[in-house]
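The chain contents come next:
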Amino acid sequence: IGLKLVALENEEILRTFMDYFPFETSLGTFSFREIKELSRTIRYVNKVDEFRQLAPVFGAGGHMLVNAGYAYDAELMTMLSFYNPSMRIERLDTGDVLPAMRELPAGKRKAYETLKNAASKYLEPKECRVEIRKFRPVELPVLFLVNEEASFVSDIKYGDEDGKTVLPDLFNHLDSDDGRPSALLCMNAGNALIRRMAETNYTGGAAFDMLYILGMLMAHKQLGESDLAVINDSVSSLIENV
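Quick caveat, the model's predicted, so the values are computed rather than measured. (Residues numbered from 1 in each chain as written. Predicted model: local features only at pLDDT ≥ 70, side-chain atom pairs only at ≥ 80, totals over all residues. Heavy atoms only, no water.)

## Brief notes about the overall build of the protein
Across its full length, the protein holds 12 helices and eight strands. The buried share of the protein, reckoned over its 242 residues, is 39%. Restricting the contact set of the protein to residue pairs at least 6 apart, pairs at least 24 apart contribute 69%. A total of about 13700 Å² of accessible surface is found on the protein, and carbon and sulfur atoms cover 52% of it. (Helix = DSSP H or I, 4+ residues; strand = E, 2+ residues; numbered from the N terminus. Buried < 20%, exposed > 50% of the residue type's maximum accessible area, 1.4 Å probe, protein only. Contact = heavy atoms within 4.5 Å. Areas by Shrake-Rupley, 256 points an atom, 1.4 Å probe, with all protein chains shown as cover.)

## A word on the side chain of Asn67
Assignment of secondary structure puts Asn67 in strand β4 (residues 66-67). At 2.9 Å, the side chain of Asn67 and the backbone nitrogen of Gly69 are in polar contact. In contact with Asn67, not counting residues within four places along its chain, are Phe23, Glu24, Val45, Lys47, Val48, Phe51 and Asp73. (Polar contact = N/O pair within 3.5 Å; in protein donor to acceptor, adjacent residues only side chain to side chain.)

## Re the side chain of Thr25
Mapping Thr25 onto the fold places it in strand β1 (residues 22-25). Within the structure, Thr25 has its side chain in polar contact with the backbone nitrogen of Leu27 (distance 3.0 Å). In this structure the side chain of Thr25 is engaged in a polar contact, spanning 2.6 Å, whose partner is the backbone oxygen of Gly28. Setting aside residues up to four positions removed in sequence, Thr25 forms contacts with Phe30, Ile35, Phe51, Met64, Leu65 and Val66.

## Structural notes on the sheet that holds strand β8 (residues 183-188)
With respect to topology, three strands assemble into an open sheet ordered β6-β8-β7, the strand pairing being mixed. The open sheet has two edge strands, β6 (128-133) and β7 (142-145), and neither has a second partner. When the angles between neighbouring strand axes are averaged without regard to direction, this sheet yields 20 degrees. Of the pairings in the sheet, the one linking β6 to β8 comprises six bridges and is parallel in character. When the sheet's bridge partners are listed, Ile132 is paired in β8 with Met187. Seen against the sheet, helix α11 (residues 206-218) touches β6, β7 and β8 and runs at an angle of roughly 60 degrees to β7. (Pairing = 2+ DSSP bridges. Axes fitted to C-alpha atoms, helices over the stretch in contact; angles between N-to-C directions.)

## Thoughts on the pattern of salt bridges
Enumeration over the complete set of coordinates arrives at 11 salt bridges. Close ionic contact of Glu11 with Arg15 constitutes a salt bridge, the shortest N to O distance being 3.1 Å. Of this pair, Glu11 and Arg15 both sit in helix α2 (residues 11-17), four residues apart, which is roughly one turn of that helix. Classification of Arg15 as partly exposed rests on a relative accessible area of 48%. Across the salt bridge formed by Arg129 and Glu131, the nearest N and O atoms sit 3.4 Å from each other. Residue classification places Arg129 among the partly exposed positions, given a relative accessible area of 45%. Overall, Glu131 belongs to the buried group, its relative accessible area being 16%. Several salt bridges share partner residues, and in doing so they unite Lys116, Arg129, Glu131 and Arg133 into one network. (Salt bridge = Lys/Arg side-chain N within 4 Å of Asp/Glu carboxyl O.)

## Focus on the packing of helix α7 (residues 106-123) against helix α10 (residues 192-199)
It is at 8 Å that the axes of α7 and α10 come closest, and there the two elements cross at 90 degrees. Of the possible angle classes, the one that applies to α7 and α10 is roughly perpendicular. In contact with Ala111, Tyr112 and Leu115 of α7, α10 contributes Ile194, Arg195, Met197 and Ala198. Looking at side-chain class alone, the contact of α7 with α10 contains six nonpolar, no polar and one charged residues. (Parallel < 35°, antiparallel > 145°, perpendicular 65-115°, else oblique. Nonpolar A, V, L, I, M, F, W, Y, C, P; charged D, E, K, R; others polar.)

## Things to note about a nonpolar patch on the surface
Among the surface-exposed residues, Leu3, Val6, Phe17 and Tyr20 lie close enough to one another that they form a single nonpolar patch of about 360 Å² accessible area. Note that Leu3 resides in helix α1 (residues 2-9). Among the residues examined, Leu3 registers a relative accessible area of 38% and is labelled partly exposed. (Patch = residues over 30% accessible without salt bridge, like charges linked within 9 Å, V, L, I, M, F, W, Y side chains within 5 Å.)

Have a look at this one:
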């Protein structure tokens, strides 16, 4: 860590050691030189939690995602892009994740349309839209995506469901144009549970609640009081039915 800090402030040190700096990626840990040999395009995220959520998806597809969430790594990525102009080094935007996933074949979209519409309507009060894609690993039923600005505002403004927020006028200004920050729950059509829900034309609410909460937990997002209540009710129901 100390050498990374020095490198950020000393061009000669950076040029000398930049190829040897190690980075965690979705495909394993590599030096910057090895990363350059594997790909001329480098995408990174600057939060460890975000990397942990997306790494299995990128890794399963054979795509590289760099974890720049540790100390000085994001700053290093910015500097490395300057000293490696022939490479494309950029921070991944969550909006870029969905287009990279496989869309359902035209012949199968209709089978999932009922599920998507029902989930979208149910999660509308949470300002969470729903999409269905096919991605790996198939054990992952959902992926919860929210951009950095929306996540910041939502965590602070909507973490307290009693409405007692600090600086309310500031946050009213931040989302006055678009309304409450929105999120995306992407269901995995390759997952057995999601396929089963589509095959049975599921339109209930309990499963949507649990998938939404599961997605938030995997994305390390803050749960609201209503979400915690759903978990408590679900556990109580399981106990009663034992």
